[in-house]
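This is what each chain is made of:
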Amino acid sequence: MSQTLLRGLRLLEIVDFSGPLTVSQLARELGVDKATASRMVSACEADGWLVRDDGGHVLIGPRSTLLGQGAAAGVSLRLAEPIIHAVSGVTGMLTQAVGLVGGVGVVLASADPVGAKIPYGLTTSFPLWVSAAGKTIASQLAADDRQRYLPNDPLPVPTDAVSGVAPSAVVQQFRVSLGLGPTPGGYVVQSTTRATSRAQLDAQLDTIVRDGVFIDRAELMPEVSCVAVPWPQPGMPAALVCISTTPQIDRDAALVERALRAAAVSGATRDSIVAAAAAR
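Residues numbered from 1 in each chain as written. Predicted model: local features only at pLDDT ≥ 70, side-chain atom pairs only at ≥ 80, totals over all residues. Heavy atoms only, no water.

Along its 14 residues, helix α9 (residues 198-211) runs 20 Å from first to last C-alpha, staying within 8% of the 20 Å computed at 1.5 Å per residue. Those residues of α9 that are buried lie in contact with α6 (131-138), α7 (143-149), β6 (214-221) and β7 (224-230). Of the residues one or two after α9, G212 is the one with positive phi, at around 70 degrees. (Helix = DSSP H or I, 4+ residues; strand = E, 2+ residues; numbered from the N terminus. Expected span 1.5 Å × (residues − 1). Contact = heavy atoms within 4.5 Å.)

Have a look at this one:
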């Protein structure tokens, strides 16, 4: 594929992920000089791929926003919004739809009951071997794709597992929304469902296939856990996820599982999710 095309796509990705940005900031991110970055922005701006605000900062343009609306992923995004808001409403938890994009689980849509407006899209992603979200997506992969996307032994174990998931400002916003301190206490190995070997990971994925749900404990942060169920979409394995403090997940796991399972059913509505959550 043309390196020029790839660089242009990377430009759009950077602006979507980190924008608004100045041309100088874009140049540093792309590894090009300012003049080259300026020409690229101008070319994209002319066709509506990028726009500039009053301060000259570069933002995603209307053409980029419309791209893919008719594709399977675009349909999934539209389906996700109402159902995750319904689940968030009945559980009182941050609820997200996460789909496989480029080998990682990317947050497609997010609903927070406290109105924290946690960023999503390329800003937040999950490795497929960590967290209920990633593992639930990985459980839907064929054997060849599991081998392609999942690491062999030894599994990566970063000292702070959340560091690769989202920028620090997003992590702080997320923690504050849960009533936690702004800074993670560091990853703690004890009392976690995190897999320490590929065999253990594969066993967890097989359990998700069998049970249709996974509850992780402290895989990304010591104080935080989540529940996920498969939400397979056309051309894209996906999951619906509720995230909260570990004590709240432990207390309300049954309620959360009922709501998520109801939301994952084709044709789910707010009423069907509320009714399932209220059932005993």
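With that settled, consider the pairing of strand β3 (residues 94-101). For β3, the buried fraction is high: seven of the eight residues fall into the buried class. In this sheet, strand β8 (residues 238-245) lies alongside β3 in antiparallel orientation, the contact comprising six bridges. Its bridge partner being in β8, L94 is matched across the sheet by I243. For β3 and strand β4 (residues 104-111), the ladder comprises seven bridges, and the chain directions are antiparallel. Residue pairing in the sheet places A97 in a bridge with A109 of β4. Here β3 folds back onto β4, and the loop between the two strands holds two residues, one of which, G102, carries a positive phi near 60 degrees. (Buried < 20%, exposed > 50% of the residue type's maximum accessible area, 1.4 Å probe, protein only. Pairing = 2+ DSSP bridges.)

For β8, the buried fraction is high: eight of the eight residues fall into the buried class. Sheet topology places β7 next to β8; seven bridges connect them, and they run antiparallel. Paired with V227 across the strands is C242, a residue of β8.

A separate point is the pattern of salt bridges. Within this structure, the stated rule accounts for eight salt bridges. R210 is paired through a salt bridge with D211; the nearest N and O atoms lie 2.8 Å apart. A residue is classified by how much of its surface remains accessible, and R210, at 63% relative accessible area, is exposed. Of the charged contacts in the structure, one is a salt bridge between R217 and D250, with a shortest N-O distance of 2.8 Å. Remark: D250 occurs in helix α10 (residues 246-264) and R217 occurs in strand β6; sequence separation between them is 33 residues. (Salt bridge = Lys/Arg side-chain N within 4 Å of Asp/Glu carboxyl O.)

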